[in-house]
Amino acid sequence: MDLLPLLLSFLSPLNSNYCLYKSLSELMLAKLMMPSFTIYNAQNRGLLNLSNSYHYKSIHELGNLVIKGNIQLSSFLFDYNKSMSILDATLLKRAGKKVYGAKKLKNYVAKSYEVLQDVLIYVERFNGLNFIVDFKVINHNKKHLTKPEEITRAIESGKIKKNSWLIIDGGLKSKELLKEARKNRIKLITRLNRNFVVSLFGRKFREKDILSKTNPIKRTIKGKHYVIYPLKRCIWNKVAGNLFLVKGEEYKNFVPVFTISLKSKPETIIQKYIERFSIEQTNKESKSYLEIEGTYFRKKESNYGDLFIRFLIYNFIQYLRIKIDNMSFKEVLDNLSLYLLWKYPPKCVFEMENLLSNFFIDMGYNWSDQSNIDLNNSDWLYEAGNDQNLAKSYV
């Protein structure tokens, strides 16, 4: 199976705008070939025409479409049934002083201040893998919505469907969010702080009260043993739910997991919450392998356009992982990069080939003493045309 027809069909929702589709397909293929390329090494390797700067107008136009809601990451996901949704926010390092939505925060590990951008990522689980279906750059100004308010609006708008599972980090919860989830029958799961206080029949309960006044239950989930202290039908922030103090066999402390899904079994809630940690892997893969950190775009539209194309690549790699067994995200990306570099080599390969084609070496023997390195029939050659332009060879 040739990769390019699959990739171009994956981009088919962009066909309505041919110029944008053409530019972004070039950029996406270039990033798949060399995921971490910069403008400097792109120029050295014959990929300058495929750098971010060359496609700035297309990235800006794409970001404008994303902001207006005319195009969504979910439009590029085919034939999948989600099992649950996970929402989490991550901080991205940024270059420059006037990047949209960026702010200076102290890195307590490096003991220095860094320019960071807060991005809310919305993923859906399918076949044990995460697919990014939406994202939002959080601008921490009074005029903009906070992260819990953004999630609340997503529930109100119907972006998060009724009767679906929604797992959020403890730092994203709020009273209004829980009320909206209850109103729309969303099965929300979150983690409470260690110093939580819930009420039951007018009495207040903290962690030590639950441990002393309730009976524990034991469950085995995917081969691991858990001790659970349940407190059902309790009230937190004026919203009814079930609270489970959970401790795995490898942990010392209990984790307070709260859900507004009153009829769900403890093992179901725990298993769903355990899957939440997969979004941390998504953040790591996006930062380490797709280089979503370090961009310098100042305009809001350019920020959204750049993140969109990188998250689109992330989903494409995940889509391939479903077809290929026992391969990690990095392995698929590396193999795909090597395949594209072999199948559609950059301009610098042709320059080296032209140099070697006229290269002769005097070996000092009586018989034919010239060895001609002829690459005319090399596998590197393909129908690229006389100008040997990489972009024109596959678009």
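See the structure shown above.
All figures in this text were calculated on a predicted structure; none of them were measured in a lab.

Student: Can you walk me through the layout of surface pockets in this structure?
Tutor: Empty space among the atoms becomes apparent when a probe as large as a water molecule is rolled across them. Its boundaries defined by the atoms lining it, the largest pocket holds a volume of some 620 Å³. For the largest pocket, the lining is made up of 28 residues, of which Asp134, Phe135, Lys136, Glu150 and Lys159 are closest to its centre. Within the residue set of the lining of the largest pocket, elements represented by two or more residues are helix 4 (56–68), strand 3 (112–126), strand 4 (129–138), helix 5 (147–156) and helix 10 (300–323). With five residues, the single largest contributor to the lining of the largest pocket is strand 4. Estimated volume of the second largest pocket: approximately 500 Å³. Together, 21 residues line the second largest pocket, and Tyr226, Tyr251, Ile270, Ile274 and Phe277 are the ones closest to its centre. Those elements that place two or more of their residues in the lining of the second largest pocket are strand 10 (224–236), strand 11 (239–248), strand 12 (255–259) and helix 8 (266–275). Here the element with the most residues in the lining of the second largest pocket is helix 8; it accounts for five residues. Grouping the amino acids of the lining of the second largest pocket by side-chain chemistry returns ten nonpolar, two polar and nine charged.

Student: Explanation requested: the packing of helix 5 against helix 6 (residues 175–183) in the structure shown.
Tutor: Helix packing for two helices is described by the angle between their axes and how far apart those axes are. The geometry of helix 5 relative to helix 6 is characterised by a closest axis approach of 9 Å and an angle of 15° between their N-to-C directions. By the angle between their directions, the pair helix 5 and helix 6 is classed as roughly parallel. Helix 5 and helix 6 meet at a crossing whose hand is left-handed. Counted together, Pro148, Ile151, Thr152, Ile155 and Glu156 of helix 5 and Glu176, Leu177, Glu180 and Ala181 of helix 6 form the full contact between these two elements. Its residues assigned to classes, the contact of helix 5 with helix 6 comprises five nonpolar, one polar and three charged.

Student: I would appreciate a short explanation of the pattern of salt bridges in the present structure.
Tutor: Opposite charge on two side chains makes pairing possible when the charged atoms of those side chains draw close. Tallied over the entire structure, the rule returns 14 salt bridges. Between Lys330 and Asp334 there is a salt bridge, with its nearest N and O atoms 2.8 Å apart. With Lys330 and Asp334 both in helix 11 (residues 329–343), this residue pair falls four residues apart, about one helical turn. A relative accessible area of 38% means that Lys330 is categorised as partly exposed. A relative accessible area of 33% places Asp334 in the partly exposed class. It is possible to trace a salt-bridge network through shared partners that takes in Asp88, Asp169, Arg191, Arg276 and Glu280.

Rules used in this analysis
Residues numbered from 1 in each chain as written. Predicted model: local features only at pLDDT ≥ 70, side-chain atom pairs only at ≥ 80, totals over all residues. Heavy atoms only, no water. 1 Å grid on protein atoms, 1.4 Å probe; cavity = no way out; pocket = protein on both sides within 12 Å on 5 of 7 lines; lining within 4 Å. Points joined across faces, edges and corners; volume = space filled by probe spheres on them. Helix = DSSP H or I, 4+ residues; strand = E, 2+ residues; numbered from the N terminus. Nonpolar A, V, L, I, M, F, W, Y, C, P; charged D, E, K, R; others polar. Axes fitted to C-alpha atoms, helices over the stretch in contact; angles between N-to-C directions. Parallel < 35°, antiparallel > 145°, perpendicular 65-115°, else oblique. Left-handed = near helix turned anticlockwise from the far one by under 90°. Contact = heavy atoms within 4.5 Å. Salt bridge = Lys/Arg side-chain N within 4 Å of Asp/Glu carboxyl O. Buried < 20%, exposed > 50% of the residue type's maximum accessible area, 1.4 Å probe, protein only.

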